[in-house]
Amino acid sequence: MPTADLFSIPDDDVVRHRAEELRRQLQHHGHRYYVLDAPEIPDAEYDRLFRELQAIEAAHPDWVMPDSPTQRVGGKPLDQFASVRHAVPMLSIRTETDTESSGALNFDARVRKELGLASDAPPVEYVAELKFDGLAMNLRYQQGVLVQAATRGDGETGEDVTQNIRTIGQIPLRLPAGAPPILEVRGEVYMRRDDFERLNETQRQRIAAGAKGEKTFVNPRNAAAGAVRQLDPAIAAQRPLSFFAYGVGELTSEEQGGPAWETHFELLQALKAWGMPVAEQVRVVQGASELVAYHQRIAATRDQLSYDIDGVVYKVNSLALQRALGFVTREPRWAVAHKFAAQEQFTTVQAIEVQVGRTGKLTPVAKLAPVFVGGVTVTNATLHNELEARRKDVRVGDTVIVRRAGDVIPEVVAALPEKRVAGAQSFTMPTHCPVCGSAALREEGEADHRCTGGLFCAAQRKQAILHFAQRRAVEVEGLGEKLVDQLVDSGVVNTLPDLYRLGFMHLASMERMAEKSAKNILDALEKSKETTLPRFLFGLGVRHVGESTAKALARHFGQLDRIMQASEDQLSQVADVGPVVAHSLRTFFDQAHNVEVVEQLRACGVHWPEGEPSATAMQPLAGKTFVLTGTLPTLSREQARDRLEAAGAKVAGSVSKKTHYVVAGAEAGSKLDKAQELGVAVLDEAGLLQLLSAQSS
Ligand code: IVH
């Protein structure tokens, strides 16, 4: 404690003041961090303050108050939640299920009618908000201290989940001076998408490690609901929840000194000023047309949010008009939820097909009863591999949830086992390729099954041809999927060289092939014969050999024959090539039929300029070892590594006497110290770039 020295025991008052100061600081920095996302101090400093307060409170347990930042997690597991009768019922709102603009127009028309407004009266002012996809929560503050958090339940009575809600860093345990003596804040507890993904990843690891009773969650809403209703607050604390405020419940009246808000927007601003998270998308808008514009704008940008919403909410802004409008049954007349087209839908699985890719990879694909979701009709969803298919336990006949958000590929989120038809079998990967009948195997340590048929397999052949003909490889313009299907299925093309043996008659006899197109394809084939070594090599489709590896190989060896003859060791000398790639190349060129394909392609006239091996010429830093540390001003760690490796250098993880250079950027730590201790040369980014350019010129 700063005020104490070794010889004086600090008196209680001093310590008590320090504790209060620490609570104040921790609350301030917690709000900066959790709500504003703009911390003013490093995490380590926050932790230090937190530990200091914990130490004081441990020595003086009677000073601990429930609103102390140390008290967020601390309660004991419960047997069940206590019931809470809401002081003001928690109502729900009407939902406009019509996702078109008429949803907003209908609401505005009803409001105007109820208020008896003439058609030429000015537009009604509304607040437009997001509709968060989580759970409604009532937070009760008395004298500024959070005393209770309750779920909505049936609207009259909810459950007391205070212990769990206290673990949410975004929710203040104490409000600043000036908040009303009684204040109930209403809002939504939810889980951010990234927090949800992380949580599920942890759950998967737990399940894989054999933990009992653990499960993964279907969506963020589900995970949030599970966390809120978790009886053990220690577990709830590990489930990262967030909160947005959108209204109030019981409140000290104006007569008794409570707030004198005139609009809903003012109310939200006040909550925000008291430290409550309020979504930044809240807008005051005029009339129906601006409601429609808001709905459309949010619908178009919802995927950029870090959390799920399922629509927007419109509320009459004036609180006086809200009172005038009142309620019908249990719903306010002054608010409505206007939904978006759903990103998740139910459908059924009609079949699970297994598709075969270029490298023989077998992919199970769920064939779905067509369903409109996320703006498109979805009929297929990949199940990735056997493991994934089994993890989700999707079976033919199952009712499943399909999700399509933004441009993301549609996926089956989960199957609903409770709706499973009797006798549905779990999916197993076929033991043989569904296209060619060759054995399908899964290698040790790999997730994918592969057809072993190689180019004997028509599916692989088609994919291999498309791969060879693509723009980034030798480029045969106009040779698309449909034509390749026809050429392979009719037996005209079996291997890559067959492409160059195609005559006009072959092509012109294909379905829907005009003479002109046949001629164009022949021209494109002719043109593709003049290529480059990297394009040709990439086009062969050797497993693990992508464009950049093909370039590195071409640069290193200069000539195809040298690559075809190189040993795995020699191949591994290339900057981009590790043992897996080297092995894959060797295996490919050890197969006589692959060498035959290359020879025939050359015989058909496919050619490229060959050069001298540039192995040594282009590798000026061969034999030199570098270590990278800290953040460089312009190059990322990967870019720096790539540049060094391309120049032949080795990039190591730790500094030793064998290190030639340490490249240090901002906040370089112990590696820089070590370099200085050992007298290893240290470069900054400019020095590195200079070295690289000097060596290559
Ligand atoms: S206002 C009396 N505003 O949607 C009005 N509700 O039935 C009370 N919700 O489960 C609700 N976002 O939890 C309101 N910006 C928002 C909301 C919102 C989500 C939820 C609410 C309730 C349902 C409405």
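The structure under discussion appears in the preceding block.
A few points on the structure. Computed from a prediction, not measured in an experiment: that's the story for all the values here.

## Some details on the site of the ligand
- The immediate surroundings of the ligand are formed by 13 residues, with Ile-93, Glu-129, Leu-130, Glu-188 and Tyr-246 found nearest.
- Between the ligand and the protein, one listed contact pairs a nitrogen atom with a side-chain N or O atom of Glu-129 at 2.8 Å.
- A distance of 2.4 Å separates an oxygen atom of the ligand from a polar side-chain atom of Glu-188.
- Bound to the protein, the ligand loses 86% of the 520 Å² it would expose on its own.
- Going through the elements one at a time, β3 (125–132) and β10 (309–316) are the ones with two or more residues in the shell around the ligand.
- The element contributing the most residues to the shell around the ligand is β3, with 4 residues.
- Its residues assigned to classes, the shell around the ligand shows 8 nonpolar, 1 polar and 4 charged.

## Re empty space enclosed by the protein
- A complete count under the given rule lists 2 cavities of 30 Å³ or more for this structure.
- Put simply, the second largest cavity is a space of about 40 Å³.
- What lines the second largest cavity is Glu-129, Leu-130, Phe-132, Ala-245, Tyr-246, Leu-268, Val-278, Ala-279 and Val-282.
- Residue assignment for the lining of the second largest cavity shows that the elements contributing at least two residues are β3 and β8 (242–251).
- Sort the elements by how many residues they give to the lining of the second largest cavity and β3 lands first, with 3 residues.
- A per-class count over the lining of the second largest cavity returns 8 nonpolar, no polar and 1 charged.

## A short note on the packing of aromatic side chains
- For the coordinates displayed, the defined rule picks out 15 aromatic pairs.
- Pairing Phe-468 with Phe-536 gives two aromatic rings, centres 6.2 Å apart and planes at 80°, and the pair type is edge-to-face. Within this pair, whereas Phe-468 is found in helix α12 (residues 458–469), its partner Phe-536 is found in helix α17 (residues 533–539), the two being separated by 68 residues in sequence. Across the pair, Phe-536 and Phe-468 agree in class, each one buried.

## Side note on the pairing of strand β18 (residues 411–415)
- Counting buried residues along β18, 4 of its 5 residues qualify, which places the element largely inside the surrounding structure.
- Summarising the sheet, strand β17 (residues 399–403) and β18 pair through 4 bridges and their orientation is antiparallel. Residue pairing in the sheet places Val-400 in a bridge with Ala-415 of β18.

## Quick notes on the sheet that holds strand β22 (residues 650–652)
- With respect to topology, 4 strands assemble into an open sheet ordered β22-β21-β23-β24, the strand pairing being parallel. Every other strand in the sheet has two partners, leaving β22 and β24 (681–683) as the edge strands with one partner each. Neighbour-to-neighbour, the strand axes of this sheet turn through a mean angle of 30°, independent of strand direction.
- Two elements, strand β21 (residues 625–629) and strand β23 (residues 661–664), share 4 bridges in a ladder whose sense is parallel. Opposite Thr-629, over in β23, you have Ala-664 as the bridge partner.
- Across the sheet, helix α23 (residues 637–646) touches β21 and β22, and the angle it forms with β21 is around 170°.

## Focus on the side chain of Thr-625
- With respect to the helices and strands, Thr-625 occurs in strand β21.
- Those residues within four positions of Thr-625 in sequence are excluded, and the remaining contacts are Lys-650, Ala-652, Lys-658, Thr-659, His-660 and Tyr-661.

## Here's the deal with the sheet that holds β8
- The strand order across the open sheet formed by 4 strands is β5-β4-β7-β8, and the pairing between neighbours is antiparallel. The open sheet has two edge strands with one neighbour each: β5 (145–151) and β8. Sheet twist, expressed as the average angle between the axes of neighbouring strands with direction ignored, equals 30°.
- With 8 bridges joining them, strand β4 (residues 135–142) and strand β7 (residues 182–190) adopt antiparallel strand pairing. Paired with Tyr-141 across the two strands is Leu-183, which belongs to β7.
- Each of β4, β5 and β7 is contacted by helix α6 (residues 220–228), which is oriented at about 40° to β4, the strand it contacts most.
- Contacts from helix α8 (residues 264–273) reach β7 and β8, with the element oriented near 115° to β8.

## Notes on the pairing of β17
- For β17, the buried fraction is high: 5 of the 5 residues fall into the buried class.
- The alternating pattern of β17 places Thr-399, Ile-401 and Arg-403 on one face and Val-400 and Val-402 on the opposite face, and all of these are buried.
- Bridging between strand β14 (residues 344–356) and β17 involves 5 bridges; their strand directions are antiparallel. What sits directly across from Phe-346, in β17, is Ile-401.

## Let's talk about the state of the cysteines
- Here the structure, examined in full by the defined rule, presents 0 disulfides.
- Note on Cys-436: no disulfide assigned, nearest cysteine sulfur contributed by Cys-451 at a separation of 3.6 Å.

## Comments concerning the packing of α12 against helix α13 (residues 481–489)
- Between α12 and α13, the least distance of the axes is 10 Å, while the angle of their chain directions is 135°. Looking at the two axes, α12 sits oblique to α13. Crossing geometry of α12 relative to α13 is assigned as right-handed. Where α12 approaches α13, its residues Ala-458, Arg-461, Lys-462, Ile-465 and Leu-466 are matched on the opposing element by Glu-481, Val-484, Asp-485, Val-488 and Asp-489.
- Partitioned by chemical class, the residues of the contact of α12 with α13 number 5 nonpolar, no polar and 5 charged.

Reading guide: rules and limits
- Residues numbered from 1 in each chain as written.
- Predicted model: local features only at pLDDT ≥ 70, side-chain atom pairs only at ≥ 80, totals over all residues.
- Heavy atoms only, no water.
- Near = heavy atom within 4 Å.
- Polar contact = N/O pair within 3.5 Å; in protein donor to acceptor, adjacent residues only side chain to side chain.
- Areas by Shrake-Rupley, 256 points an atom, 1.4 Å probe, with all protein chains shown as cover.
- Helix = DSSP H or I, 4+ residues; strand = E, 2+ residues; numbered from the N terminus.
- Nonpolar A, V, L, I, M, F, W, Y, C, P; charged D, E, K, R; others polar.
- 1 Å grid on protein atoms, 1.4 Å probe; cavity = no way out; pocket = protein on both sides within 12 Å on 5 of 7 lines; lining within 4 Å.
- Points joined across faces, edges and corners; volume = space filled by probe spheres on them.
- Phe/Tyr/Trp six-rings, centres within 6.5 Å; stacked < 30°, edge-to-face > 60°.
- Buried < 20%, exposed > 50% of the residue type's maximum accessible area, 1.4 Å probe, protein only.
- Pairing = 2+ DSSP bridges.
- Axes fitted to C-alpha atoms, helices over the stretch in contact; angles between N-to-C directions.
- Contact = heavy atoms within 4.5 Å.
- Disulfide = S-S within 2.5 Å.
- Parallel < 35°, antiparallel > 145°, perpendicular 65-115°, else oblique.
- Left-handed = near helix turned anticlockwise from the far one by under 90°.

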